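Residues per chain are reported as follows:
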Amino acid sequence: MIEKLRNQERLSAEEENRIEKIIRICILSVLGAVICIILWGAFQHRTFGKLYYATIIILIAIVWFVQYVLSAILKHSLAGRTDEQVSAYLKAAGFELAAYAGLGWFLLAMNGNAIFGAVIYMIGVTAARKQKEIYYGTAGKEDEQDTEPGSPSSGEAGVTDVSEKEGDQSAAMVPDSLPSAADRLLREEKEPEDGSV
């Protein structure tokens, strides 16, 4: 199955953006349904039964399926990717699945041990974000930019003098850890044109 997805032809940027918008609408609709169910139960002062728990689990599973499986099929997300990028995509999907399981635990438990579900969610999301950086090819590029001469973060003592670049006469100082608009433009130029998530 994965080899079949890798051998597909890449879509144009416009097609991928159109599919991405549809996927986002689907995900937001499902999340909206989850919020409506929770709010309805709270306003009706109803105890949450098996139907509530089953609905939450199914809706979270649908979000993950649409975001990773259906997205990979419709957008040809693995087409033309390296082995490292495919591995990173699959790891990100696994970590997100674990994160959603933690979120489900949090929503279903809602008592003293619900915090464990929240912790699992945070760990899963963080790990998935690192794998997505590898997939998109942005991992490690920030460190390379820090060492390049003339890069925005090559200022002294951990700050960059923006006034020299902008022509501004004020002594504006910006911490290196905050990205500038120039950093964003550089990052967008280096990212793949597909814009997939």
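Summarised in this report is the structure supplied together with it.

Some remarks on the overall build of the chain
Inference 1: Counting secondary structure elements, the chain contains eight helices and two strands.
Inference 2: Considering only residue pairs separated by 6 or more positions, the chain has 65% of its internal contacts joining residues 24 or more positions apart.
Inference 3: Surface exposure of the chain reaches about 12,700 Å², of which carbon and sulfur atoms provide 63%.

Focus on helix H5 (residues 114–136)
Inference 1: For H5, spanning 23 residues, the distance from its first C-alpha to its last is 33 Å, which sits close to the expected 33 Å at 1.5 Å a residue.
Inference 2: Residues of H5 that are buried: Ala 114, Gly 117, Gly 124, Val 125, Ala 127, Ala 128, Gln 131, Lys 132, Tyr 135 and Tyr 136.
Inference 3: A positive phi of about 80° marks Gly 137, the residue just after H5.

Looking at helix H2 (residues 13–43)
Inference 1: Across its 31 residues, H2 extends 44 Å between first and last C-alpha, which sits within 8% of the 45 Å expected from 1.5 Å per residue.
Inference 2: Every buried residue of H2 is listed here: Glu 16, Ile 19, Glu 20, Ile 23, Ile 27, Val 30, Val 34 and Gly 41.
Inference 3: Tucked into the core, H2 has its buried residues touching helix H3 (50–75).
Inference 4: Of the residues flanking the end of H2, it is His 45, one or two places downstream, whose phi is positive at about 55°.

Considerations on the packing of H3 against helix H4 (residues 83–109)
Inference 1: Put simply, H3 and H4 touch, their axes get as near as 10 Å, and they point 165° apart. Classed by the angle they form, the pair H3 and H4 counts as roughly antiparallel. Between H3 and H4 lies a crossing of right-handed hand. The residues of H4 that touch H3, namely those facing Tyr 52, Tyr 53, Ile 56, Ile 57, Ile 60, Val 63, Trp 64, Gln 67, Tyr 68, Ser 71 and Ala 72, are Tyr 89, Ala 92, Ala 93, Glu 96, Leu 97, Tyr 100, Leu 103, Gly 104, Leu 107 and Leu 108.
Inference 2: Of the residues assigned to the contact of H3 with H4, the class counts are 17 nonpolar, three polar and one charged.

Brief notes about the packing of aromatic side chains
Inference 1: Per the counting criterion, the structure on display carries five aromatic pairs.
Inference 2: With a centroid separation of 6.1 Å and an interplanar angle of 35°, the aromatic rings of Trp 105 and Phe 116 are classed as tilted. Taken as a pair, Trp 105 in helix H4 and Phe 116 in helix H5 lie far apart in primary sequence, 11 residues in all.
Inference 3: Its relative accessible area of 48% is what places Phe 116 among the partly exposed residues.
Inference 4: In this structure an aromatic cluster arises from ring pairing among Trp 64, Tyr 68, Tyr 89, Tyr 135 and Tyr 136.

Here we look at a nonpolar patch on the surface
Inference 1: Together, Trp 105, Ile 115, Phe 116, Val 119, Ile 120 and Ile 123 line one region of the surface with nonpolar side chains, adding up to about 560 Å² of accessible area.
Inference 2: For the nonpolar patch, the element with the highest residue contribution is H5, accounting for five residues.
Inference 3: For Val 119, the location among the structural elements is in helix H5.
Inference 4: Judged by relative accessible area, which is 42%, Val 119 ranks as partly exposed.

Some remarks on the nonpolar core
Inference 1: Counting residues in hydrophobic clusters, the biggest one holds 26 residues, and the most contacted among them are Ile 56, Tyr 68, Leu 78, Tyr 89 and Tyr 135.
Inference 2: Those elements that place two or more of their residues in this core are H2, H3, H4 and H5.
Inference 3: With nine residues, the single largest contributor to this core is H3.
Inference 4: Residues in contact with Ile 56, not counting those within four places in the same chain, are Val 34, Ile 38, Leu 107 and Leu 108.

Rules and cut-offs
- Residues numbered from 1 in each chain as written.
- Predicted model: local features only at pLDDT ≥ 70, side-chain atom pairs only at ≥ 80, totals over all residues.
- Heavy atoms only, no water.
- Helix = DSSP H or I, 4+ residues; strand = E, 2+ residues; numbered from the N terminus.
- Contact = heavy atoms within 4.5 Å.
- Areas by Shrake-Rupley, 256 points an atom, 1.4 Å probe, with all protein chains shown as cover.
- Expected span 1.5 Å × (residues − 1).
- Buried < 20%, exposed > 50% of the residue type's maximum accessible area, 1.4 Å probe, protein only.
- Axes fitted to C-alpha atoms, helices over the stretch in contact; angles between N-to-C directions.
- Parallel < 35°, antiparallel > 145°, perpendicular 65-115°, else oblique.
- Left-handed = near helix turned anticlockwise from the far one by under 90°.
- Nonpolar A, V, L, I, M, F, W, Y, C, P; charged D, E, K, R; others polar.
- Phe/Tyr/Trp six-rings, centres within 6.5 Å; stacked < 30°, edge-to-face > 60°.
- Patch = residues over 30% accessible without salt bridge, like charges linked within 9 Å, V, L, I, M, F, W, Y side chains within 5 Å.
- Salt bridge = Lys/Arg side-chain N within 4 Å of Asp/Glu carboxyl O.
- Core = buried A, V, L, I, M, F, W, Y, C linked by side-chain atoms within 4.5 Å.

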